[in-house]
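Architecture and fold: a report
Below, each chain spelled out in residue letters.
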Amino acid sequence: MDERAKYFRRLKRLRGSARRWSVLGGGLTAATAVLTPYAGIGLVDALWAAGAGASAMLAWWRWSDHRELAAAPAPPPSLQQDRLTAALERFPAGQAVVREVRRQHKRYALRGSAIADAWDRLERASTAMTGLAGRLTGSAETTLLEAATAEQWLRDLGQRAASVERAIPFGQTGNRETLVESHAGLADQFIEGVAAYEELVVAAASYVAEDGHPVTDTRHPGYFSLVDATDQLRGIAEALSELRAQDRRTSPGSQPAV
């Protein structure tokens, strides 16, 4: 088992252990609170109370260990996973699957974050820019490099802001205020950057839309080709219909008109 699988397995064990100790501590505390008034405080009651306190402390430690482990980044994929990814990326369908898995993994890491909505906006804008990339020609080709550089910077900034946000609960009183201010600055910078990237995508879409219009007419030359082809097919169909009607009139079994 690789380090990444061990990480998630340990995280699952800690969560399960914390839940079990929480349930046990709650049950023992309830039993102590109910049974003590009836018989007074004796040896058995002392054992109930000690068990309840010990269970509560163990539950608190397990939850602390779980939060600390969850805040740490997961180990990178193993070499075997890298080979599988490389094999999938040899095919177009596999490349799409790998991109989607990576996108969902990054999105899952940002769940509950203050920048989650802005990250989703960045994903949609990036998808739109990918669709426009093949039509940005001429002087607009430099926009692709600028968009790729800006997107990479925004993704790094978003991951950094999310990492700082996950570390805020572990800070002391003074340090926590500093982390909150730093995170707010990173989050604002990320949201503003996403808005600027969206404006870039809109400008690229406007260029593609205007570049598709001919200079002399508002309709594309392909439209007139379709009209001509339709008229030609309609004429052929009418000619065939007239020939079929004439063959019917001249056939030996037909009755002459009176």
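Heads up: these notes are all about the structure in this document. (Residues numbered from 1 in each chain as written. Predicted model: local features only at pLDDT ≥ 70, side-chain atom pairs only at ≥ 80, totals over all residues. Heavy atoms only, no water.)

**Some points on the overall build of the chain**
Quick note on the threshold: A helix here means a DSSP run of H or I that spans at least four residues, while a strand means a run of E at least two residues long, and both kinds are numbered starting from the N terminus. Partly exposed residues are those whose accessible area sits between 20% and 50% of the maximum for their type, while under 20% is buried and over 50% is exposed, using a 1.4 Å probe and protein chains only. Residue contacts are counted whenever heavy atoms from the two residues lie within 4.5 Å of one another. For accessible areas, the Shrake-Rupley method is used with a probe of radius 1.4 Å. Any residue's cover is judged against the shown protein chains and nothing else.
Looking only at helices and strands, the chain has eight helices and zero strands in total. Counting helices and strands in the order they occur from the N terminus, the chain gives α-α-α-α-α-α-α-α. Of all 258 residues assigned to the chain, the portion counted as buried reaches 22%. Here the analysis covers contacts within the chain between residues at least 6 apart in sequence; of these, 72% occur between residues at least 24 apart. When the accessible surface of the chain is summed, it comes to about 18200 Å², and 60% of that surface belongs to carbon and sulfur atoms.

**Concerning helix H7 (residues 173–211)**
Operational definition: Each residue after the first adds 1.5 Å to the expected span of a helix.
In this model, H7 (39 residues) spans 57 Å end to end at C-alpha, consistent with the 57 Å of a helix rising 1.5 Å per residue. Within the span of H7, buried status applies to His 183, Leu 186, Ala 187, Phe 190, Gly 193, Val 194, Tyr 197, Val 201, Ala 204 and Val 208. Of the surrounding secondary structure, the elements contacted by the buried residues of H7 are helix H5 (116–133) and helix H6 (141–167).

**Focus: a nonpolar patch on the surface**
Using the following cut-off: Patch membership requires more than 30% relative accessible area and the absence of a salt bridge. Residues of like charge join within 9 Å; the nonpolar side chains Val, Leu, Ile, Met, Phe, Trp and Tyr join within 5 Å. Salt bridges are defined as contacts in which a side-chain nitrogen from Lys or Arg sits within 4 Å of a carboxyl oxygen from Asp or Glu.
A surface patch of nonpolar side chains, about 390 Å² in accessible area, is lined by Leu 233, Ile 236, Leu 240 and Leu 243. In this fold, Ile 236 is placed in helix H8 (residues 221–250). Judged by relative accessible area, which is 43%, Ile 236 ranks as partly exposed.

**A closer look at the environment of Ala 167**
For Ala 167, the position within the fold is in helix H6. The partly exposed category is assigned to Ala 167, whose relative accessible area is 32%. For the pair Ala 167 and Ala 71, spaced 96 residues apart in sequence, the C-alpha to C-alpha distance is 6.9 Å.

**Some remarks on the environment of Arg 160**
With respect to the secondary-structure elements, Arg 160 resides in helix H6. Taking the C-alpha atoms as reference points, Arg 160 and Ala 187, 27 residues apart in sequence, are found 9.3 Å from one another.

**Looking at the pattern of salt bridges**
All told, the structure shown has five salt bridges when counted by the stated rule. One salt bridge connects Arg 234 with Asp 231, and the closest N-O pair in it is separated by 3.3 Å. Taken together, the residues Arg 234 and Asp 231, both in helix H8 and three residues apart, mark about one turn of the helix. Note on Asp 231: relative accessible area 43%, which makes it partly exposed. One salt-bridge network, in which partners are shared between bridges, spans Glu 123, Glu 151 and Arg 155.

**Describing the packing of aromatic side chains**
Test applied: In summary, the pairing rule links any two rings of Phe, Tyr or Trp, Trp by its six-membered ring, whose centres are within 6.5 Å, and it sorts them by plane angle into stacked for under 30 degrees, edge-to-face for over 60 and tilted for everything else.
Going through the model one piece at a time under the given rule, you end up with one aromatic pair. Where Trp 119 meets Phe 190, the ring centres are 6.2 Å apart and the plane angle is 20 degrees; that geometry is what we call stacked. One end of the pair, Trp 119, is in helix H5; the other, Phe 190, is in helix H7, with 71 residues separating them in the sequence. Residue class for Trp 119 comes out buried when judged on its relative accessible area of 0%.

**Side note on the side chain of Ser 113**
Residue placement: Ser 113 occurs in the loop between helix H4 (92–109) and H5. Taking relative accessible area as the criterion, Ser 113 reaches 13% and is therefore assigned buried.

**Some thoughts on the packing of H5 against H7**
For any two helices packed against each other, one specifies the crossing angle of their axes together with the interaxial distance. Note the threshold: Axes here mean lines fitted to C-alpha atoms, for a helix over just the part in contact, with angles spanning 0 to 180 degrees between N-to-C directions. Angular relationships are summarised with four words: roughly parallel below 35 degrees, roughly antiparallel beyond 145, roughly perpendicular across 65 to 115, and oblique for the angles in between. Note on convention: the crossing is left-handed when the near helix lies turned anticlockwise from the far helix by less than a right angle, right-handed when the turn is clockwise. Any residue that is not Ala, Val, Leu, Ile, Met, Phe, Trp, Tyr, Cys, Pro, Asp, Glu, Lys or Arg is counted as polar, Gly included; the first ten are nonpolar and the last four charged.
With their axes 10 Å apart at the nearest point, H5 and H7 run at an angle of 25 degrees to one another. Relative to H7, H5 is oriented roughly parallel. Taken as a pair, H5 and H7 cross one another with a handedness that is left-handed. Of the residues in H7, those in contact with Ala 118, Trp 119, Arg 121, Leu 122, Ala 125, Ser 126, Ala 128, Met 129 and Leu 132 of H5 are Phe 190, Ile 191, Val 194, Ala 195, Tyr 197, Glu 198, Leu 200, Val 201, Ala 204, Ala 205 and Val 208. Of the residues in the contact of H5 with H7, the class split is 17 nonpolar, one polar and two charged.

**Topic: the nonpolar core**
Counted only if it meets this: We call a set of buried Ala, Val, Leu, Ile, Met, Phe, Trp, Tyr and Cys residues a nonpolar core when their side-chain atoms join them within 4.5 Å.
Core analysis: the biggest nonpolar cluster contains 24 residues, and Ile 115, Leu 122, Met 129, Leu 136, Phe 190, Tyr 197 and Val 201 have the highest contact counts within it. For this core, the secondary-structure elements that each account for two or more residues are H5, H6 and H7. For this core, the leading source of residues is H7, giving eight residues. With near-sequence residues (within four places) excluded, Leu 136 lies in contact with Met 129, Glu 141, Leu 144, Ala 204, Tyr 207 and Val 208.

**A look at the packing of H5 against H6**
Interhelical geometry of H5 versus H6 gives an angle of 160 degrees and a closest axis separation of 11 Å. The angle between the axes of H5 and H6 places the two elements in the roughly antiparallel class. Like other packed secondary-structure pairs, H5 and H6 cross with a definite hand, here left-handed. Taking contact as the criterion, the partners of Trp 119, Leu 122, Glu 123, Ser 126, Met 129 and Ala 133 in H5 are, on H6, Leu 144, Ala 147, Glu 151, Leu 154, Arg 155, Gly 158 and Gln 159. Broken down by class, the residue content of the contact of H5 with H6 amounts to seven nonpolar, three polar and three charged.

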